[in-house]
Amino acid sequence: MICKRAKLGYVYLMTRLITLTFYMFCLSFTPAASAQSHAENQRLDKIHSKIMTDYPQLSHISSEEMTALLTDEDVLFLDVRESKEYAVSHIDGAIRVDPKISGDEFTEIYGDAVSGKTVVLYCSVGRRSSKLGNRVRADLMAAGAKSVSNLEGGIFRWHNEGRPVTRETGATEKIHPFNRWWSRLVARKDDIAYAAE
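Residues numbered from 1 in each chain as written. Predicted model: local features only at pLDDT ≥ 70, side-chain atom pairs only at ≥ 80, totals over all residues. Heavy atoms only, no water.

J.: Tell me about the overall build of the protein, residues and numbers included.
T.: From N to C terminus, the protein includes seven helices and seven strands. Counting helices and strands in the order they occur from the N terminus, the protein gives α-α-β-α-β-α-β-α-β-α-β-α-β-β. Residues counted as buried form 41% of the 197 residues belonging to the protein. Accessible surface, the protein as shown: approximately 11300 Å² in total, 58% of it carbon and sulfur. (Helix = DSSP H or I, 4+ residues; strand = E, 2+ residues; numbered from the N terminus. Buried < 20%, exposed > 50% of the residue type's maximum accessible area, 1.4 Å probe, protein only. Areas by Shrake-Rupley, 256 points an atom, 1.4 Å probe, with all protein chains shown as cover.)

Listed below in structure tokens is the structure:
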């Protein structure tokens, strides 16, 4: 009996070793930026899981789903970051909204603009946009919005995946990291900028 368990343990260990070796072999052929982006996106996935737990009433869309909506005139993109972050880069067509805006003020300013629209909010990683989306969702739906969603992984995931960002002067590769601690979630460190150029 002990010998049989030892053999099973050996087989399990060898299987894990072969799997790990194969994984390391595959990584050796993966460009460094791609591997780095994968690591950052895994961290963003963990953050997003927590966000979904904290805001279960809010729906979320992937960057692939959002890309398909970029040219849709019935979509309203809202960037829920500070003005200095937005100035460095944002998703084309997004309107900046102060993260600290009250629900009443938000409805007063944007209430008419949401009628018949799909509303997508985003921030750096999804925390601020989910918080605001959760706070104003009922009001937006009452004002005629089709749906209210948060972008999974925020603009960091969007940027890590090489999707386009823009600024006042046109297309850019730069991204505001919010602060030094959050910058660890940006895959392309050379693209980090704390102010618009």
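Let's pick the thread back up.
J.: I'd like a description of a negative patch on the surface, backed by residues and values.
T.: A cluster of like negative charges, contributed by D98, D104, E105, E108 and D139, occupies part of the molecular surface. The element that contributes the greatest number of residues to the negative patch is helix α5 (residues 103-110), accounting for three residues. Structurally, E108 can be placed in helix α5. Residue E108 is classed as exposed on the basis of its relative accessible area of 69%. (Patch = residues over 30% accessible without salt bridge, like charges linked within 9 Å, V, L, I, M, F, W, Y side chains within 5 Å. Salt bridge = Lys/Arg side-chain N within 4 Å of Asp/Glu carboxyl O. Lys, Arg positive; Asp, Glu negative; His and termini not counted. Charge placed at Lys NZ, Arg CZ, Asp CG, Glu CD.)

J.: Kindly report on the side chain of K174, identifying the contributing residues and their values.
T.: Position of K174 among the secondary structure elements: in the segment after β7 (170-172). Look at K174: it is buried, it has no salt bridge, and the nearest opposite charge is E197 at 4.2 Å. Discounting residues that sit within four places of it in the chain, K174 has contacts with V88, S89, H159, V165, D190, D191, A193 and E197. (Contact = heavy atoms within 4.5 Å.)

J.: Report on the side chain of T118, specifying residues and quantitative values.
T.: You can see T118 is positioned in strand β4 (residues 118-122). Contact partners of T118, with chain neighbours within four places excluded, come to D74, V75, L76, K146 and S147.

J.: Describe in detail the confidence of the model for the protein, supporting the description with residues and values.
T.: Put simply, the protein has an average pLDDT of 86, and 82% of its residues get 70 or more. Low confidence marks residues 19-33, where pLDDT is under 50. Its contacts with residues over four positions away, or in another chain, come to two contacts. (pLDDT = per-residue confidence, 0-100.)

J.: Explain the pairing of strand β5 (residues 147-151) to me, using residue names and the numbers behind them.
T.: Residues in a regular strand project their side chains so that they alternate between the two faces of the sheet. Where burial is concerned, most of β5 is hidden: four out of the five residues are buried. Pairing geometry for strand β1 (residues 59-61) and β5, over three bridges, is parallel. Across the sheet, residue I61 finds its bridge partner in β5, namely L151. Bridge count between β4 and β5: four bridges; the pairing is parallel. The residue of β5 that forms the bridge with V120 is S149. (Pairing = 2+ DSSP bridges.)

J.: Break down the pattern of salt bridges for me, citing the residues and quoting the values.
T.: Under the counting rule described, the total for this entry stands at 15 salt bridges. Among the salt bridges present, the one from R128 reaches E85, with a minimum N-O distance of 2.9 Å. Taken together, the positions of R128 in helix α6 (residues 127-142) and E85 in helix α4 (residues 83-88) put the pair 43 residues apart, joining distant regions of the chain. Note on accessibility: R128 and E85 belong to one class, buried. In this structure, the salt-bridge partner of D191 is R188, at a minimum N-O distance of 2.7 Å. Connected via shared salt-bridge partners are D45, E64, R157, E161 and R163.

J.: Provide a residue-level description of the packing of aromatic side chains, including the pertinent values.
T.: Aromatic rings considered in pairs are described by the distance between their centres and by the relative angle of their planes. The tally for this structure, following the rule as stated, stands at two aromatic pairs. For the pair F106 and Y110, a centre-to-centre distance of 4.9 Å together with 45 degrees between the ring planes defines the contact as tilted. With a gap of four residues between them, F106 and Y110 both fall in helix α5, about one helical turn apart. Given the relative accessible area of 13%, Y110 is considered buried. The ring centre of W158 lies 5.7 Å from the NZ or CZ of R163, which sits over that ring. Over the aromatic face of W181 sits the side chain of R184, whose NZ or CZ is 3.9 Å from the ring centroid. (Phe/Tyr/Trp six-rings, centres within 6.5 Å; stacked < 30°, edge-to-face > 60°. Lys NZ or Arg CZ within 6 Å of the ring centre and 35° of its normal.)

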